Amino acid sequence: NIAVPNCGVFWQFCGVKQYSTGMRVLRRCDTQEPVGFYVLYPVASESEENFFLPPRNSLHLSSASEIDPMKMAVLGDRHCTSIFIRSWQIDLRYKQLINLCEFLKDAKQTLTRMQADFPNLCDMYTLPLHPADEQLASALGFHKTSQDSQLSLYWMYISIDKFLALDVEQAVSVLKFD
């Protein structure tokens, strides 16, 4: 782990054309080096069925198709009820309790801003690709939903209200950091 005296990390907006509010990059304040990022992806209602299919059938990276089965909702879409945590990464050198808590607090603030853009948001899904991701999701209150019979992948779910009410420090206190 790298300690940076008198320097924390800060968030920087990471833009895209369609909807960028849910895309965030955590950077060191001294070097601007990215240390983490996440993407909270508002899902168009016609794509929500993918959360109930086996992940190999509903995840763009696991298929040969060039068509992404997860369509992004258009800003203001009142039919958008779900967020897909499309990406969530922290550089291993910075994977410490303090940075993880900062990451999660920012995600809660970002999600609150997204609720203003998509007023009917109520569900959040993730697809853990690593055992550490599953441990984090479980600690935060996500539970398994649709599992893939051919791969060790499964969707996990939490209500947005439950996630926003979460005491981040308490929830992640059970996790071990090497």
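None of these values were measured; they are calculated from a predicted model.

Draft legend 1. Spotlight on the overall build of the protein. Looking only at helices and strands, one finds five helices and seven strands in the protein. Helices and strands appear in the protein in the N-to-C order β-β-β-α-β-α-β-α-β-β-α-α. When the 178 residues of the protein are sorted by exposure, 46% land in the buried category. Of the contacts made within the protein by residues no fewer than 6 positions apart, 67% connect residues no fewer than 24 positions apart. About 9,600 Å² of surface is accessible on the protein, with carbon and sulfur atoms providing 54% of the total.

Draft legend 2. Examining the pattern of salt bridges more closely. The tally for this structure, following the rule as stated, stands at six salt bridges. Of the charged contacts in the structure, one is a salt bridge between Arg 28 and Asp 30, with a shortest N-O distance of 2.6 Å. For Asp 30, a relative accessible area of 42% puts it in the partly exposed group. A salt bridge links Arg 93 to Glu 33; the nearest nitrogen and oxygen atoms lie 2.5 Å apart. Of this pair, Arg 93 sits in the loop between β4 (82-90) and α2 (97-117) while Glu 33 sits in the loop between β2 (23-28) and β3 (34-43), placing them 60 residues apart in sequence. The exposure class of Glu 33 is partly exposed, given its relative accessible area of 25%. Three or more residues are tied together by salt bridges with common partners; here these are Glu 33, Asp 91 and Arg 93.

Draft legend 3. Region of the structure containing helix α3 (residues 131-140). Within α3, the full set of buried residues consists of Leu 136, Ala 137 and Leu 140. Each buried residue of α3 sits inside an arc of 95° when the element is viewed along its axis, so together they form one side. Seen from the buried face of α3, the exposed residues on the opposite side, beyond 90 degrees, are Pro 131 and Gln 135. If you follow the buried residues of α3, they end up packed against β4, α2, β5 (123-126), β7 (154-159), α4 (160-165) and α5 (168-172). Remark: Gly 141 follows α3 within two positions and exhibits a positive phi of approximately 105°.

Draft legend 4. Representation of unusual backbone geometry within the structure. In this structure, Gln 32 is a non-glycine residue whose phi angle is positive, near 65°. Note on placement: Gln 32 falls in the loop between β2 and β3.

Draft legend 5. Layout of the nonpolar core. Within the largest apolar cluster, 49 residues are counted, with the highest numbers of intra-cluster contacts made by Trp 88, Leu 104, Met 124 and Leu 140. Looking at this core, the element that brings in the most residues is α2, giving seven residues. With sequence-adjacent residues up to four places away left out, Leu 104 is seen in contact with Trp 88, Leu 136, Leu 140, Phe 163, Val 168 and Val 172.

Draft legend 6. A look at the packing of aromatic side chains. According to the stated counting rule, one finds nine aromatic pairs in the structure shown. One aromatic cluster is present, formed by Phe 51, Phe 52, Phe 84, Tyr 125, Trp 155 and Tyr 157 through successive ring pairs. Positioned over the ring face of Tyr 41 is Arg 86, at 4.7 Å from the centre of the ring. Taking the ring centre of Tyr 154 as reference, the NZ or CZ of Lys 144 above it sits at 4.4 Å.

The rules behind these values
- Residues numbered from 1 in each chain as written.
- Predicted model: local features only at pLDDT ≥ 70, side-chain atom pairs only at ≥ 80, totals over all residues.
- Heavy atoms only, no water.
- Helix = DSSP H or I, 4+ residues; strand = E, 2+ residues; numbered from the N terminus.
- Buried < 20%, exposed > 50% of the residue type's maximum accessible area, 1.4 Å probe, protein only.
- Contact = heavy atoms within 4.5 Å.
- Areas by Shrake-Rupley, 256 points an atom, 1.4 Å probe, with all protein chains shown as cover.
- Salt bridge = Lys/Arg side-chain N within 4 Å of Asp/Glu carboxyl O.
- Arc of directions from axis to C-beta.
- Core = buried A, V, L, I, M, F, W, Y, C linked by side-chain atoms within 4.5 Å.
- Phe/Tyr/Trp six-rings, centres within 6.5 Å; stacked < 30°, edge-to-face > 60°.
- Lys NZ or Arg CZ within 6 Å of the ring centre and 35° of its normal.

Worth remembering: the numbers are spatial, not functional.
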